[in-house]
Amino acid sequence: MNKKTARLIAIVIIIAMVITSFSFVTMGAYRLLGGSGMVVYGASVETSDIPPAAATAAVTTDRELEQQMEMLARYIQGLKKNYKDTVDYQKMIDGAFSGATQALGDPYTVYYLSDEEGNSFVEMVNGEFSGVGITMEEDPLGARVVSTVLSGPAEKAGIRAGDIVVQVGDIPVAGMSLEKIRKLLRGPVSTVVAIKVRRGSEEKSFSVIREMVKLASVSRELLQGNIGVIRITSFDNDTGSEFEVALRELIGQGADRIIIDLRNNGGGLVGSAFDVANTMIRQGIIVRLSQQGQEKEVMRATVSANYNLPTVVLVNENTASASEILAGALQDHKKAVLVGKTTFGKGIAQTVEVVNTGHQVKYSAYYFTTPLGRVIHGQGIVPDHMADRYEGKGAETEALYEAVAPMSEAVKYGPGATGLNVYGAQQRLALMGYRATPSGLMDGDTVEAVKKFQRSEGLYAYGVLDLTTRDRLSLACHRYVYGTADLQMEKALELLK
């Protein structure tokens, strides 16, 4: 036997030993984990001491579940013993709980791995949390302050309704969702957050000390013609009492017709939605709750309603959950006419519990339907009168607007300069009919278009894309695309008059 042949045989033996060793270790671990076979380099190897499909049999009884849980424990132990790196038992256990929750395929059911996540959800629903105390709405520049909590951190710092939050800390918030902006504003009590706002043509900076604040979920306004408007932004612990106080005060001021604005109300506590409906509906069912195909509970009016005013409810595609309970109940009982767009369609209620691991879990416990049994989940509530909020330029123009680049750079751009702000400005100018080709370069056409726009806004027309021009252009383009008149509110007023 020559050296070359001997070497080849040795290599084959070594490879065989490696494969055999690997197969032995893997098979041993697989038996430990409860498997019925294994695959090594594509070859299936059946074990003899584990019944076929033992790990994949359907679980239908508590005893079978216990057996599977025992196998899961052995599986985790086997991974800890044989995995290539050090394994943390707690991490795998948390993963198992999270995986079981995610397997339900329900985006509203969440296993919270930290107290912070669970507490944040509870605080949001209850309307009490550590933050700065402002209510916001979307704005092209960031988020517009609708109101500040009386004597809250933001009000004490000098922030006013109408201010536009453009930066939190060192993060510009133009184009950011309201939820993300809220997360930036919230934080531990006594910590400081820097907030930059746009007030008119000026930018102002504030240092705000976070506190525990309680947001009012209800606001009111008396319009000409004795029409009262009650806006409900969410359903928290106090919404029912806040609504009744607002209604009483409006009636005291002479209101004899009511508009309830539920637009962009994402829901909250089912009990609070019931409380508001109970103020308007004297008798009968308000909401039906079902679980696993069976009706579990029917919530009925308590015969305590004292108000019977002509009422219109405003809804849109962001009216969801508890808001849909209220809208559906008022519509079914013919206590209100609904105006707007078909609602979101979240007809399931969640509950939060602390499980035996010490973690919190939010899970979907019930489906809810209207008093007449109309399904809400996945379908929404259809208004009696369909109406868009704004008289805009149409879906095609809106799609173009939604694709424009952000203009968040705090830089002035003159002739010959290039930048993202320039590109975004060119897109907006072109959309509004100005002669500007999106390129990112402040070419001659763009400079002239900026001058023309500045003249139309009463600004100094010098062709430089400064910060004031940038912001005015954002607002002007938004108004151009979506309009300014609230057509849904106009329809509500028309119906009540």
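Values in this document were obtained by computation on a predicted structure and should not be read as measured data.

**Here's the deal with the overall build of the protein**
Right, so step 1: Counting secondary structure elements, the protein contains 14 helices and 21 strands.
Right, so step 2: Here the protein holds 497 residues, and 40% of them are scored as buried.
Right, so step 3: Element-wise, carbon and sulfur atoms account for 53% of the exposed surface of the protein, whose accessible area totals about 26500 Å².

**Focus on the pattern of salt bridges**
Right, so step 1: Evaluated as defined, the whole model comprises 23 salt bridges.
Right, so step 2: Arg 288 serves as the salt-bridge partner of Glu 295, at 3.3 Å between the closest nitrogen and oxygen.
Right, so step 3: Glu 295 gets classed as partly exposed once you look at its relative accessible area, which sits at 47%.
Right, so step 4: Arg 288 gets classed as partly exposed once you look at its relative accessible area, which sits at 21%.
Right, so step 5: Residues Lys 491 and Glu 494 are paired through a salt bridge, measuring 3.3 Å at the closest nitrogen-oxygen approach. Note that Lys 491 and Glu 494 are positioned in helix α14 (residues 487-496) at a spacing of 3 residues, about one turn of the helix.
Right, so step 6: On the basis of relative accessible area, Lys 491 is assigned to the partly exposed category, the value being 23%.

**Remarks on the nonpolar core**
Right, so step 1: Of all hydrophobic cores here, the largest spans 39 residues; its most connected members are Ile 230, Ile 232, Phe 243, Ile 260 and Leu 262.
Right, so step 2: Of all the secondary structure elements, the ones that give two or more residues to this core are β13 (227-232), α7 (239-252), β14 (257-261), α8 (270-280), β15 (285-291), β17 (311-315) and α9 (322-332).
Right, so step 3: Residues contacting Ile 260, with those up to four places away along its chain left out, are Ile 230, Ile 232, Phe 243, Met 280, Thr 311, Val 312, Val 313, Leu 314 and Leu 330.
Right, so step 4: Judged by nonpolar contacts, the second largest core, of 22 residues, contains Leu 431, Val 447, Ala 449 and Tyr 482.

**A look at the layout of surface pockets**
Right, so step 1: The calculated volume of the second largest pocket comes to roughly 530 Å³.
Right, so step 2: Forming the boundary of the second largest pocket are 18 residues, of which Met 69, Ala 96, Phe 97, Ala 100 and Thr 101 lie nearest the centre.
Right, so step 3: Where the lining of the second largest pocket is concerned, the elements lending two or more residues are α2 (62-82), α3 (89-102) and β20 (360-369).
Right, so step 4: The leading source of residues in the lining of the second largest pocket is α3, at 6 residues.
Right, so step 5: Here the residues of the lining of the second largest pocket are counted per class, giving 14 nonpolar, 3 polar and 1 charged.

**Some details on the packing of α8 against α9**
Right, so step 1: Closest axis-to-axis distance for the α8/α9 pair is 8 Å, and the angle between their directions is 25°. Taken as axis vectors, α8 and α9 run roughly parallel relative to one another. Here α8 runs over α9; the crossing is right-handed. Taking contact as the criterion, the partners of Val 270, Ala 273, Val 276, Ala 277 and Met 280 in α8 are, on α9, Ala 322, Ile 325, Leu 326 and Leu 330.
Right, so step 2: In terms of residue class, the contact of α8 with α9 is built from 9 nonpolar, no polar and no charged.

**Regarding the sheet that holds strand β21 (residues 385-386)**
Right, so step 1: Spatial strand order, β12-β13-β14-β17-β18-β21: 6 strands in an open sheet with mixed pairing. The sheet terminates laterally at β12 (218-223) and β21, the two strands that pair on one side only.
Right, so step 2: When β14 meets β17, the two strands line up parallel, connected through 4 bridges. Across the sheet, the residue bridging to Asp 261 is Leu 314, located in β17.
Right, so step 3: Contacts between α7 and the sheet are confined to β12, β13 and β14, with β12 contributing the most and set at about 15° to the helix.

**Some points on the pairing of strand β5 (residues 134-139)**
Right, so step 1: As judged from the 6 bridges shared by β5 and strand β6 (residues 142-148), these two strands associate in the antiparallel manner. Paired with Glu 137 across the two strands is Arg 144, which belongs to β6.
Right, so step 2: Linking β5 to β6, which pair antiparallel, is a turn of 2 residues.

**Topic: the packing of aromatic side chains**
Right, so step 1: Scanning the entire structure with this criterion turns up 4 aromatic pairs.
Right, so step 2: Seen in terms of ring centroids, Phe 97 and Tyr 111 are 5.4 Å apart; in terms of plane orientation they differ by 15°. Their pairing is stacked. You can see Phe 97 sitting in helix α3 and its partner Tyr 111 sitting in strand β3 (residues 110-111), a full 14 residues away along the chain.
Right, so step 3: The class of Tyr 111 is buried, set by a relative accessible area of 8%.
Right, so step 4: Directly above the aromatic system of Tyr 89 lies the positively charged group of Lys 80, at a separation of 4.8 Å from the ring centroid.
Right, so step 5: Over the face of the ring belonging to Tyr 480 we find Lys 393, whose NZ or CZ atom lies 4.6 Å from the ring centre.

Rules used in this analysis
Residues numbered from 1 in each chain as written. Predicted model: local features only at pLDDT ≥ 70, side-chain atom pairs only at ≥ 80, totals over all residues. Heavy atoms only, no water. Helix = DSSP H or I, 4+ residues; strand = E, 2+ residues; numbered from the N terminus. Buried < 20%, exposed > 50% of the residue type's maximum accessible area, 1.4 Å probe, protein only. Areas by Shrake-Rupley, 256 points an atom, 1.4 Å probe, with all protein chains shown as cover. Salt bridge = Lys/Arg side-chain N within 4 Å of Asp/Glu carboxyl O. Core = buried A, V, L, I, M, F, W, Y, C linked by side-chain atoms within 4.5 Å. Contact = heavy atoms within 4.5 Å. 1 Å grid on protein atoms, 1.4 Å probe; cavity = no way out; pocket = protein on both sides within 12 Å on 5 of 7 lines; lining within 4 Å. Points joined across faces, edges and corners; volume = space filled by probe spheres on them. Nonpolar A, V, L, I, M, F, W, Y, C, P; charged D, E, K, R; others polar. Axes fitted to C-alpha atoms, helices over the stretch in contact; angles between N-to-C directions. Parallel < 35°, antiparallel > 145°, perpendicular 65-115°, else oblique. Left-handed = near helix turned anticlockwise from the far one by under 90°. Pairing = 2+ DSSP bridges. Phe/Tyr/Trp six-rings, centres within 6.5 Å; stacked < 30°, edge-to-face > 60°. Lys NZ or Arg CZ within 6 Å of the ring centre and 35° of its normal.

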